[in-house]
Amino acid sequence: MNVYDSSRMADVLAPHGYGMVESPDGADMVILNTCHIREKAAEKVYSELGRLRLRKQAREAIGEKMIIAVAGCVAQAEGEEIIRRADCVDMVFGPQTYHRLPEMIERANRAVGAKVVDTDFPAEDKFDFLPDHAVNPGVTAFLSVQEGCDKFCSFCVVPYTRGAEQSRPVAAIEAEAMRLVEAGAREITLLGQNVNAYHGVGPGGDEWGLGRLIERLAARGVQRIRYTTSHPRDMDDALIAAHRDVPQLMPYLHLPVQSGSDRILTMMNRKHDSDDYRRIVERIRDARPDIALSSDFIVGFPGETDRDFADTLRLISDIGFAQAYSFKYSPRPGTPAAAEDGHVPETVKEDRLATLQQLLRAQQSSFNEAFRGARMSVLFDRPGRRPGQLAGRTGYLQAVHAAAPTRLIGAVVDCDIVDIRPTSMEGVVDTDWQDQDGPDQDNLETRTHTERAIA
Ligand code: SAH
Ligand code: SF4
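Some remarks on the domain arrangement of the chain
Interface size is often expressed as the accessible area that is lost when the parts come together.
Then step 1. Split into domains, the chain comes out as domain 1 (2–118), domain 2 (136–250), domain 3 (276–369) and domain 4 (375–444).
Then step 2. Averaged C-alpha coordinates put domain 2 and domain 3 at centres separated by 25 Å.
Then step 3. Contact with domain 2, which involves twelve residues of that partner, is made by 16 residues of domain 3.
Then step 4. Both sides of the domain 2 and domain 3 interface together cover about 1300 Å² of buried area, and 69% of this is carbon and sulfur.
Then step 5. The three residues of domain 2 that bury the most area against domain 3 are Ser154, Phe155 and Ile240, which together make up 42% of that side's buried surface.
Then step 6. For the pair domain 2 and domain 3, the interface holds one salt bridge.

What follows is the structure, given as structure tokens:
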């Protein structure tokens, strides 16, 4: 979501003469769009600010200005404290106020040493004030449909930094999706901290869930649809049915479970137990047998015993994941779990994480190995590493490299998978495709945001 938010900030700033650049050197403004989810991410902000302070001083020495801004969830959580710890910072603003950026910049420029802090949860909806996309989206695009979370898992800062759950109206999402498609997007990933809790107002004033929204976007011509991140409790019947009925919805689902121990899941306030998760997965697999699953895991939650951890390993073995993210528990200020007793020693967390990741890696490689020699649909979205190559992704988000002409960027192409490496696959483009025209290239954008800004 920070990638999406950053591109929307660029959209807001484009009419004011700002464009993105490759490096902070020589920049008039640097915005750090930050993440507060784990301590490590939050701490990175301060080391980065230390480096930026030197750049700002160097610029000031030659009579030039550099505005330093901290945006995102660290800004939301720490507010003015950031300026106290790093006085080179001119602006601090949260994820809900970036539509006010031009006004904030004006205030920061008004006086030497002026500081601007805006961590409101404003009554107005930022989306109503954001301009249309000024920066081209590329072949694969993100689209925020929902923000915030009301679940209050005991380890998580999201409900405090992103605020209460909010869904955008269907019409606004549809209009944004159509603009993305017109600009060349072939795949759209619908985003939300708790995306499947989506309940936006439909065109007729009734409430729509995510399943219905996905059906609509598929009918409007979005070629590939994904969504992330979901909570197991919000996998409702209509969404599961969409996995069965909507071919444009990719057969890949990121469904975080966090732990396989019911005792820990209760302490996490997850509102589901491990058997609920198993049952939900079963229903999804009934609807879409070829679906691949991904998940998030936290090891070393306060009070986690060896037996709890063994339950997590058992759940992983039972389900079988194509991919997963796993983290050591990180105490976050203001969350209930941080105040709990029984914090697990760092060395134990490290051991458990290594064991867990070994199992997940083995599952991932056997998932990928199963496609050796198979024919897969690949959406090429950028030039590959070597000349004459393109890179793209399968429906399961596996990275594929193949020799292919540039005109196939933006096309979903059949490829034979001839080699499987740890982080990508090698494909050979089906001969039929070698002779076909690719999609209309006129409106296709395959460079990164930064490359475009520099051009
Ligand atoms: N809404 C999603 C998760 C959003 S946060 C869900 O309900 O699952 C992304 C991931 O960060 C979480 O799934 C969790 O695994 C991890 N995470 C969140 N808070 C954490 C913490 N305090 N310590 C370690 N990992 C954390
Ligand atoms: Fe955080 Fe996800 Fe739980 Fe919400 S549902 S509190 S975002 S982990």
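With respect to the packing of helix 11 (residues 274–287) against helix 12 (residues 306–319)
Then step 1. The geometry of helix 11 relative to helix 12 is characterised by a closest axis approach of 11 Å and an angle of 10 degrees between their N-to-C directions. Relative to helix 12, helix 11 is oriented roughly parallel. Of the residues in helix 12, those touching helix 11 at Ser274, Tyr277, Arg278, Val281 and Arg285 are Arg314, Leu315, Asp318 and Ile319.
Then step 2. Partitioning the contact of helix 11 with helix 12 into residue classes produces four nonpolar, one polar and four charged.

Section: the site of ligand 2
Then step 1. As a structural note, the neighbourhood of ligand 2 is formed by Cys149, Lys151, Phe152, Cys153, Phe155, Cys156, Val158, Pro159, His231 and Arg270.
Then step 2. Split by residue class, the shell around ligand 2 holds seven nonpolar, one polar and two charged.

Brief notes about the packing of aromatic side chains
Then step 1. Taken as a whole and assessed by the stated rule, the structure comprises seven aromatic pairs.
Then step 2. Considering the side-chain rings of Phe367 and Phe371, the 5.2 Å spacing of their centres and the 70 degrees angle between planes classify their relative orientation as edge-to-face.
Then step 3. With a relative accessible area of 15%, Phe371 lands in the buried category.
Then step 4. Here the aromatic cluster, defined as three or more aromatic residues joined through ring pairs, consists of Phe155, Phe301 and Tyr329.
Then step 5. The ring of Tyr46 is capped by Arg85, whose NZ or CZ atom sits 3.6 Å from the centre of that ring.
Then step 6. Sitting above the plane of the Phe127 ring, Arg168 keeps its charged end 3.9 Å from the centroid.

What to know about the side chain of His36
Then step 1. Here His36 shows up in the loop between strand 1 (29–34) and helix 2 (39–61).
Then step 2. Its relative accessible area of 4% is what places His36 among the buried residues.
Then step 3. Here His36 is in contact with Ala42, Cys73, Val74, Ala77, Glu78, Val157, Thr161, Arg332 and Pro333, once residues within four sequence places are set aside.

Rules behind the numbers
Residues numbered from 1 in each chain as written. Chains lettered and ligands numbered in written order. Predicted model: local features only at pLDDT ≥ 70, side-chain atom pairs only at ≥ 80, totals over all residues. Heavy atoms only, no water. Domains from an automatic or database assignment. Contact = heavy atoms within 4.5 Å. Buried area = accessible area lost by both parts, 1.4 Å probe. Salt bridge = Lys/Arg side-chain N within 4 Å of Asp/Glu carboxyl O. Axes fitted to C-alpha atoms, helices over the stretch in contact; angles between N-to-C directions. Helix = DSSP H or I, 4+ residues; strand = E, 2+ residues; numbered from the N terminus. Parallel < 35°, antiparallel > 145°, perpendicular 65-115°, else oblique. Nonpolar A, V, L, I, M, F, W, Y, C, P; charged D, E, K, R; others polar. Near = heavy atom within 4 Å. Phe/Tyr/Trp six-rings, centres within 6.5 Å; stacked < 30°, edge-to-face > 60°. Buried < 20%, exposed > 50% of the residue type's maximum accessible area, 1.4 Å probe, protein only. Lys NZ or Arg CZ within 6 Å of the ring centre and 35° of its normal.

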